[in-house]
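Analysis of the macromolecular model
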Amino acid sequence: MDPMDIVGKSKEDASLPKATMTKIIKEMLPADVRVARDAQDLLIECCVEFINLISSESNEVCNKEDKRTIAPEHVLKALHVLGFGEYVEEVYSAYEQHKYETMQDSQRSVKMNTGAEMTEEEAAAEQQRMFAEARARMNGGGVSVPQPEQQLDTQQPNLQS
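In this text, all values refer to a predicted model and were calculated from it rather than measured experimentally.

The next thing to look at is the overall build of the chain. Across its full length, the chain holds five helices and zero strands. Traced from its N-terminal end to its C-terminal end, the chain shows the element sequence α-α-α-α-α. A separation threshold of at least 6 residues defines the contact pool for the chain, and within that pool the share at least 24 residues apart is 30%.

Printed below as a string of structure tokens:
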């Protein structure tokens, strides 16, 4: 990532990607509103400071509970402690939505992977077929290689069109 794409004074400073933050800022405003570059940079710096503040307070809440990992509950409690209690419900709702979408994505991924995998027997049969095909090519191509039956014709693309 180009150092100019990050708002911050040095590499040690915590920062956010400028392009992403600019996109978020523009999505929140009416289409006819323009934002000066200095104002964008200031908004981004405010976001960084807010994240630092919440992270620090969440860490303190976590430490008071003798925990080593900051959990969502610690962040929500930090919002209350810092006087942002009116945002807790909306933040929690966004967190629940994120969990739901992540779960849906992982379930879709598992379904897609399961459909493409072969059983051990199918893999062994395919391996034997491929070995026979390779031997036939090496021996002059005179031997015909039996093709395994396709169980799921709907999942196999027809490449002969």
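Now for the packing of aromatic side chains. Here the structure, examined in full by the defined rule, presents three aromatic pairs. For the pair Y92 and Y95, a centre-to-centre distance of 6.2 Å together with 50° between the ring planes defines the contact as tilted. With a gap of three residues between them, Y92 and Y95 both fall in helix 4 (residues 88-116), about one helical turn apart. On the basis of relative accessible area, Y92 is assigned to the partly exposed category, the value being 40%. These aromatic residues form a ring-pair network of at least three members: F50, F84 and Y87.

A few words on helix 5 (residues 120-138). In this model helix 5 runs 27 Å from its N-terminal to its C-terminal C-alpha over 19 residues, within 8% of the 27 Å that 1.5 Å per residue would give. Phi for G140, located one or two positions after helix 5, is positive at around 100°.

The next point concerns the confidence of the model for the chain. In the predicted model, the chain carries a mean pLDDT of 81, and the fraction of residues at 70 or more is 74%. Highest mean pLDDT in the chain belongs to helix 3 (residues 72-81) (96); lowest belongs to helix 4 (81). In this model residues 1-6 is a low-confidence stretch, pLDDT under 50, and it forms seven contacts with partners more than four residues away in sequence or in other chains. Low pLDDT, under 50, characterises residues 150-159; the stretch is placed with three contacts to residues that sit more than four places away or in other chains.

So, on to the packing of helix 1 (residues 18-28) against helix 2 (residues 37-64). Put simply, helix 1 and helix 2 touch, their axes get as near as 10 Å, and they point 100° apart. One way to sum up the angle between helix 1 and helix 2 is to call them roughly perpendicular. Of helix 2, the residues touching helix 1 (which contributes K18, M21, T22, I25 and K26) are Q40, D41, L43, I44 and C47. Class assignment for the residues of the contact of helix 1 with helix 2 results in five nonpolar, two polar and three charged.

A surface patch of nonpolar side chains, amounting to about 360 Å² of accessible area, comprises I24, M28, L29 and V33. Its place among the elements puts M28 in helix 1.

What follows covers the side chain of H74. Within the secondary structure, H74 is located in helix 3. A polar atom in the side chain of H74 sits 2.8 Å from the backbone nitrogen of A71.

Now for the packing of helix 2 against helix 3. Between helix 2 and helix 3, whose axes approach to 8 Å, the crossing angle comes to 110°. Relative to helix 3, the element helix 2 is oriented roughly perpendicular. Two secondary-structure elements touch here, helix 2 through F50, I54, E57, S58, V61 and C62 and helix 3 through H74, V75, K77, A78, L79 and V81. Looking at side-chain class alone, the contact of helix 2 with helix 3 contains eight nonpolar, two polar and two charged residues.

Our focus in this paragraph is the nonpolar core. One finds L16, M21, I25, I44 and V48 forming the largest nonpolar core, which totals five residues. Of all the secondary-structure elements, those providing two or more residues to this core are helix 1 and helix 2.

On inspection of all chains with the given rule, the structure shows six salt bridges. When the shortest N-O distance is used, the salt bridge between K23 and E27 registers 4.0 Å. Placement of the pair is K23 and E27 together in helix 1, with a separation of four residues, close to one helical turn. The exposure class assigned to K23 is exposed, which follows from its relative accessible area of 55%. Several salt bridges share partner residues, and in doing so they unite E126, R129, E133 and R137 into one network.

Criteria and thresholds
Residues numbered from 1 in each chain as written. Predicted model: local features only at pLDDT ≥ 70, side-chain atom pairs only at ≥ 80, totals over all residues. Heavy atoms only, no water. Helix = DSSP H or I, 4+ residues; strand = E, 2+ residues; numbered from the N terminus. Contact = heavy atoms within 4.5 Å. Phe/Tyr/Trp six-rings, centres within 6.5 Å; stacked < 30°, edge-to-face > 60°. Buried < 20%, exposed > 50% of the residue type's maximum accessible area, 1.4 Å probe, protein only. Expected span 1.5 Å × (residues − 1). pLDDT = per-residue confidence, 0-100. Axes fitted to C-alpha atoms, helices over the stretch in contact; angles between N-to-C directions. Parallel < 35°, antiparallel > 145°, perpendicular 65-115°, else oblique. Nonpolar A, V, L, I, M, F, W, Y, C, P; charged D, E, K, R; others polar. Patch = residues over 30% accessible without salt bridge, like charges linked within 9 Å, V, L, I, M, F, W, Y side chains within 5 Å. Areas by Shrake-Rupley, 256 points an atom, 1.4 Å probe, with all protein chains shown as cover. Salt bridge = Lys/Arg side-chain N within 4 Å of Asp/Glu carboxyl O. Polar contact = N/O pair within 3.5 Å; in protein donor to acceptor, adjacent residues only side chain to side chain. Core = buried A, V, L, I, M, F, W, Y, C linked by side-chain atoms within 4.5 Å.

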